[in-house]
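# Survey of secondary and tertiary structure
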Amino acid sequence: MVQYISRTLWNLCQKGFRQFLSQKGGLFESESSTYTYLLADTNTKEAVIIDPVLETIDRDLKLIKELGLNLTVAVNTHCHADHITSTGLMKQRVAGLKSAISKFSGATADIHLTEGDNIPFGRHSLTVKETPGHTDGCITLVTGDQTMAFTGDALLIRGCGRTDFQQGCAEKLYHSVHEKIFTLPDECLIYPAHDYLGQTVSTVGEERKFNPRLTKSMEEFVELMNNLNLPKPKKIDISVPANLVCGLHHV
Ligand SMILES: [Fe+2]
């Protein structure tokens with residue numbers, strides 16, 4: 001189903017809809033291991049970008065220009081702690097671009113999203129599913145045909161986002177994944193916000209069967225998540241305040 005072609009690659013998941021990818025699956029930012037995703041209607045050229053990173057804004061805008069896309073919305077899956085979003089700067093550089101984030105993120109944006117909202121691009125759209133637990137304002141974005149889900153930090157490939165800061169709650173995350181993501185079709189592709197091992201894509205069916213954390217009982221999951229003892233993300237003290245204002249005024 002995923003077709004890799006030369007350096008700029010795409011997953012042609014239905015006629016007239018493309019996800020533009022780089023060698024590593026999404027548009028990868030190596031310092032925070034973040035994937036940015038660019039989705040476009042190939043007929044109307046309207047496009048949406050998911051989780052763009054400040055450090056890679058020039059790469060992303062160059063690709064958008066090369067492909068002749070009209071970027072209408074930059075959406076963040078949550079208020080990130082490990083990197084600064086390029087959304088605010090992108091708004092200054094792309095006329096008419098609107099920012100979007102969950103209403104429950106606490107962050108400013110042109111569009112505050114809630115459960116069931118649609119982000120249209122041409123004949124296509126992304127539907128918002130609220131998947132809190134890593135943060136209160138985490139969302140998963142699902143394509144209209146339910147063939148692709150952009151899960152942010154709620155569900156990673158064989159993992160999940162941590163739940164020990166920014167309103168993190170393991171119990172909430174467990175419910176979110178089981179009720180909002182694992183109920184999607186088995187073959188729905190999972191595109192996470194991060195991967196630290198070079199993995200690019202999974203499916204709902206695979207994660208439901210093999211995710212070592214989310215296949216546990218809720219009690220076991222909560223116990224595990226509450227005892228990860230991970231170090232604090234290096235950039236949390238600058239990233240979170242900056243991301244509350246779309247990544248602007250970060251210095
Ligand atoms: Fe995060």
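Each remark here, short or long, concerns the structure printed above.
Residues numbered from 1 in each chain as written. Predicted model: local features only at pLDDT ≥ 70, side-chain atom pairs only at ≥ 80, totals over all residues. Heavy atoms only, no water.

## Observations regarding empty space enclosed by the protein
Considering all chains together, one arrives at one cavity of 30 Å³ or more under this definition. One number sums up the size of the largest cavity: a volume of about 70 Å³. Lining the largest cavity are 14 residues, with Asn 76, Thr 85, Ile 101, Asn 243 and Cys 246 positioned closest to its centre. The element that contributes the greatest number of residues to the lining of the largest cavity is strand β7 (residues 98-102), accounting for three residues. For the lining of the largest cavity, the per-class residue count stands at six nonpolar, eight polar and no charged. (1 Å grid on protein atoms, 1.4 Å probe; cavity = no way out; pocket = protein on both sides within 12 Å on 5 of 7 lines; lining within 4 Å. Points joined across faces, edges and corners; volume = space filled by probe spheres on them. Helix = DSSP H or I, 4+ residues; strand = E, 2+ residues; numbered from the N terminus. Nonpolar A, V, L, I, M, F, W, Y, C, P; charged D, E, K, R; others polar.)

## Points about unusual backbone geometry
Phi at Asp 51 is positive, roughly 55°, even though this residue is not glycine. Even without a glycine there, the phi angle at Cys 246 is positive, about 65°. Residue placement: Cys 246 occurs in the segment after α6 (236-243).

## Thoughts on the pattern of salt bridges
If you walk through the whole model with that rule in mind, you get 14 salt bridges. For Asp 60, the salt bridge goes to Arg 59, with nearest N and O atoms at 2.8 Å. Asp 60 sits in the buried class, given a relative accessible area of 1%. Its relative accessible area of 29% is what places Arg 59 among the partly exposed residues. Here Arg 158 makes a salt bridge to Glu 206, at a shortest N to O gap of 2.7 Å. Of this pair, Arg 158 sits in the loop between β12 (148-152) and α3 (170-181) while Glu 206 sits in helix α4 (residues 204-210), placing them 48 residues apart in sequence. Classification of Arg 158 as partly exposed rests on a relative accessible area of 29%. Exposure remark for Glu 206: the relative accessible area of 31% places this residue in the partly exposed category. What you see here is one network of salt bridges that share partners, running through Glu 31, Glu 55 and Lys 235. (Salt bridge = Lys/Arg side-chain N within 4 Å of Asp/Glu carboxyl O. Buried < 20%, exposed > 50% of the residue type's maximum accessible area, 1.4 Å probe, protein only.)

Purely geometric numbers; function is a separate question.
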